[in-house]
Structure formats: C-alpha cells, structure tokens
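# Architecture and fold: a report
Each chain is listed here by its residues.
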Amino acid sequence: INGEYLLANKQFKKIFQPKDDQIVGRTYKEIFSQNFAERLRATDADVVKAEKELVFEEIIPHSGENHIYSLTKFPLWDAAGKIYAIAGMAADISGQKNEGALLQQSIAQFESLFDAAPDAIVVINSESRIIKWNPMAELLFGYTSEEAIGRSLPELIIPVKQREHYADVIDNFTKSHTSGNNNLSSEMRAMHRNKNEFDIEISLSHTIHQEQPLVIAFISDITRRTQMEKENTQTRNFLDSIIENIPDMIFVKDAKELRFVRFNKAGETLLGAKREDLIGKNDHDLFPKEDADFFISKDREVLDEKKMMDIKEEKINTPSGERWLHTKKIPILDESGNAIYLLGISADITERKRLENERLEAEKQLRTSEIQLGLILENIGEGVVVTDTRQRVVLSNRMAEEILATDNNSRSTNWAKRYEIYYPDGETVFPAQDLPIEKALRGSDTEDTEIILHDPASNVSKLVQVTGHPIRDEGNRVIAAVATIKDITKYKELEKALEESEIKYRRLIGFRRDQNET
C-alpha cells in the first residue's frame, strides 16, 4: 500500500527490463515516469477505498510503442483483516478481440495466488455455504475441496459445543454486507476431520463478485501460539506469586522520571500504604526532601553506571516509625543496553540493627567487665585458675602463674603429670583424684586443702593451700571449675620458726608447758 513492490513475475521484468533485474523493494517512481507512477498510485487508492477488485485500462509505453493493458487490481488482507498490499494482473489487449480469453487468463492467475496462500482461505456465500476451499484449508481441516464445497462452514469446522454460538456470529456477519461492518476477527476452537480440536484465528472480510456478496475467511492455526501464551501466563503468575510472597520490599521505577510502577505486598506493609496509592508517585511524594534527594541520587547513579548498587544501610521514616533498610538497586536494560527500569529490593533490618547495637553494647560492657576482672585478679594475693571439663586452662592470673611456675603456654591443670604431690608431711603421696580442682570438675566444693607440689625439673617444692569450686550452667551441669591457690611455704616456715623460738625462750626463762619439761 506504500507503492513498494513485494512480488513481480518474469513477464513484468521482461517488459520493463530493469538494468539490474531488481524489482522487489523499488517503488513506482523508480521504475516508471512520474505521470504513469501517479496514475498507478491513484488506482491503488481506489482499490483500498473500495475494498474490492477493480479493473482498469491503461496505456503503457514499452518496447518503443504504446500498449493497451487490462489492469485488474484487488486488495490483500492480513489475518487481522487489514489491507496490507495490492495485487495486480495486467494483460496486454492491444489488437486482441477475445475479451473472454483475457478474463480466463486473469482468473487463472488469481487461482494461482489463491492456491499458493500460506493460510487457509475459504470463500462462503450469504448462506454461510462454502464455494471456495484452498489447498491449505484441505491440509488444516482434512477435507478435500470437493468434500467441503456446498457445506456449512460452522458445521464443518466448529466443535458441537461451540457450533451454535459461532454459527450465529458467522451468519450475522455474512448478512451484514451493507452495514459497514466489513471485517471481523475472532479466536475459537476448531475441529479436524479426525475430531481432534485445536485453536484457530479466523478473519472474515466482505467482498463482491459478479454483483454477489461473498465473505472471504482467512484461517490460521494458532495452537502453538495459544499454548505459549498459556505458558507465559502461568510463568507470569508464578513469578508474581513469588514476588508477592517475598518478605522483602520489591519495587520498580521507570528510568525516566523514577516513578513507581510496581510494588509487592511487603512494600505496602513497610510503607503503610496501598500500592494503588504508591504507583505513579516518586520519592518526593512519599518521603521528606532530604531522604528523597538521597534515594534519587543513588537511583541516578545506578542508571548512569548501569550496574548494581548495594546500600548496606539507609534510614526511612514510615507510619510505624523509623526503619532501617538494606537495599540493592539494579538497572533493567533493554535490548540496546539502555536503562528502562530500576529494580529495588529492600530488606527491613531494623530488628537486626537493634540486636547488633545491643550486641555491641554487651561486648563493650563485657570488655569493661573483663578489664575490671583482670585488674581484680591481678591484684589479689592468691592465684586463680579456671579450667574447662577437659582440664584446659581458660583463665589464670599472674599470681597463679608465679606459684605454679607456669606461663600462658602451659594450659593444663593436670598437675599429676607435672608435679610430685604429697601431703604436708612431705612423704605421703597425695591422690590426684582428690585434688580440689578434680573434685570441683566432678561437682564437689573443696575448702583449704594443703598439699606439697614438688617440681622434679627444678627440684623445687612448694606448700600450697588450694580450694576448688564447680561452675554450673543453667541446667546445673558442671561446665568448668575454679581453683584458688595460696603459697603458704614461707608462712609455714615462719610459723615453725616462731614455734621453735617460743620453745627456746620458754626454756631460757625456765617456763615449762608441762610437768615433763624443765
């Protein structure tokens, strides 16, 4: 309809002899003189306006002389019932008398186009009876032309359950030739000769042949298309269901004005508004200016750089109060690489942030407590050792390390492996299982047990006083033990020296403690 050739046969090329033998893709003006090209365009317009076949006579100069042509033009419709091209057949009638022969030639050429059509084409009369049935219709429905002609189109191809309805639709259309309703398109179920059903699209167009109103039906099998549409719908519904039930807020903005075009249920809940009140708005419509400016600046950065941005924390004010979000913003690009949308996924981390702050505060207090505990432990006069159930030291102070002659690398309280352990008499071996730390790990409290620890490596002995207490969890299970150690070696030596001094002075002044002592 724009005057550009889509098809030309060999005779056309032979008569007009283009230099490069190329017709398709060229326009009238590129092949003919301006006057003749304008006449051809005018006859095209007449055919489009009339929406039917028209016959013209044209004088066409070629081969050095004028030739009279009978030019038959008719419109071609697409499946949607829209004229997309003009077909023409030109017969040279110069010096010919037999008009009937020319007519038969035109009819033969039309039949050739009719038979070669890629869609099923059916011509029906005003009674919905089939008068033309092309080869593609035979293939699509399984009936030969001889079997189809004369039968009702609805009765032949429409399943019984839908036949009455569509029979009325087709019948009404065939009888509405003068109503101005020249085209009708519909999708429906059809039936093959073997009773198998499938989806078709049928487009009906009015025409007139030999003053008789006819209807041309263009029919195409759309089973695959409807199946794909169904699958696409199912996929879309599935994805919509996922998006709606994701607990994080999901939103989409258009890239041009950054207005919201999509919100999920979590977004409604977080912002305290229905999505119909959010769609079409931008950040300045929903948030304070300072917040909106920040959001928009990040959006523009994402769209300009065309890469995802991960915003670990951002604060927004909502009807339910101040909330903290972890947001990822992603540009959505078209086939040309241009940003058309911005996708946002925001997780509400308010509770997590509160717990994190509480954890940091608790750690701060714990560090303070540890410092205080360390100061206390380091400044008391007794050694303190805390061990777990596997006898591994988890805490000890400087005094304990001095008493036990250990350091940070000695992390075991299994003293029996390192020391020879005796009762205070220095001769009787002290049972390892009765050590206060061992009893504490078994759940018993032990107070002020005196033992001698002899280190064979250094040949040094120390008299120590040890207490042991179990540490229990909430379930009253022993999870550790604490032992306090006091080096009483010098104390005992002093005590013995004092006792010896007392006896010495008593003897010196003649004081006796009993009758046997002088």
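Presented here is an overview of the structure given in this document. Because the structure is a prediction, the values reported are computed rather than measured. (Residues numbered from 1 in each chain as written. Predicted model: local features only at pLDDT ≥ 70, side-chain atom pairs only at ≥ 80, totals over all residues. Heavy atoms only, no water.)

So, on to the environment of Thr 387. Counting through the fold element by element, Thr 387 comes out in strand β14 (residues 383-388). Considered as a pair, Thr 387 and Ser 369 are 18 residues apart in the sequence and their alpha carbons are 19 Å apart. Only 3.1 Å separates the side chain of Thr 387 from the backbone oxygen of Arg 392, close enough to count as a polar contact. (Helix = DSSP H or I, 4+ residues; strand = E, 2+ residues; numbered from the N terminus. Polar contact = N/O pair within 3.5 Å; in protein donor to acceptor, adjacent residues only side chain to side chain.)

Turning our eyes to something else, we now look at the packing of aromatic side chains. One pass over the full model with this rule turns up twelve aromatic pairs. Ring geometry for Phe 141 against Phe 198: centres 6.0 Å apart, planes inclined by 35°, an arrangement best described as tilted. Of this pair, Phe 141 sits in helix α5 (residues 135-141) while Phe 198 sits in strand β7 (residues 197-209), placing them 57 residues apart in sequence. The exposure classification of Phe 141 matches that of Phe 198, with both residues buried. Here the aromatic residues Tyr 5, Phe 12, Tyr 28, Phe 32 and Phe 36 are joined through ring pairs into a cluster of three or more. Sitting above the plane of the Trp 324 ring, Lys 353 keeps its charged end 4.6 Å from the centroid. (Phe/Tyr/Trp six-rings, centres within 6.5 Å; stacked < 30°, edge-to-face > 60°. Buried < 20%, exposed > 50% of the residue type's maximum accessible area, 1.4 Å probe, protein only. Lys NZ or Arg CZ within 6 Å of the ring centre and 35° of its normal.)

The next subject is the sheet that holds strand β18 (residues 460-472). If you walk across this open sheet you meet the six strands as β15-β14-β19-β18-β17-β16, and the pairing is antiparallel. Only two strands of the sheet have a single partner each, and these edge strands are β15 (393-396) and β16 (420-422). Within this sheet the neighbouring strands show an average axis-to-axis angle of 30°, counted without direction. Relative to strand β19 (residues 478-487), β14 runs antiparallel, the two being bridged by six bridges. Across the sheet, the residue bridging to Val 386 is Val 482, located in β19. (Pairing = 2+ DSSP bridges. Axes fitted to C-alpha atoms, helices over the stretch in contact; angles between N-to-C directions.)

Strand-to-strand pairing in sheets goes through backbone hydrogen bonds, with the strands running parallel or antiparallel. If you trace the three strands from one edge of the open sheet to the other, you get β1-β2-β3, paired in antiparallel fashion. The open sheet terminates on both sides in strands that have one partner only, identified here as β1 (54-62) and β3 (83-92). Strand-to-strand twist of the sheet, defined as the mean angle between neighbouring strand axes without regard to direction, takes the value 35°. Relative to β3, strand β2 (residues 65-77) is paired through nine bridges, and the arrangement is antiparallel. Looking at the pairing, Phe 74 lines up with Ala 87 of β3. In this fold helix α3 (residues 34-50) packs onto β1, β2 and β3, with an angle of close to 170° to the strand it touches most, β1. (Contact = heavy atoms within 4.5 Å.)

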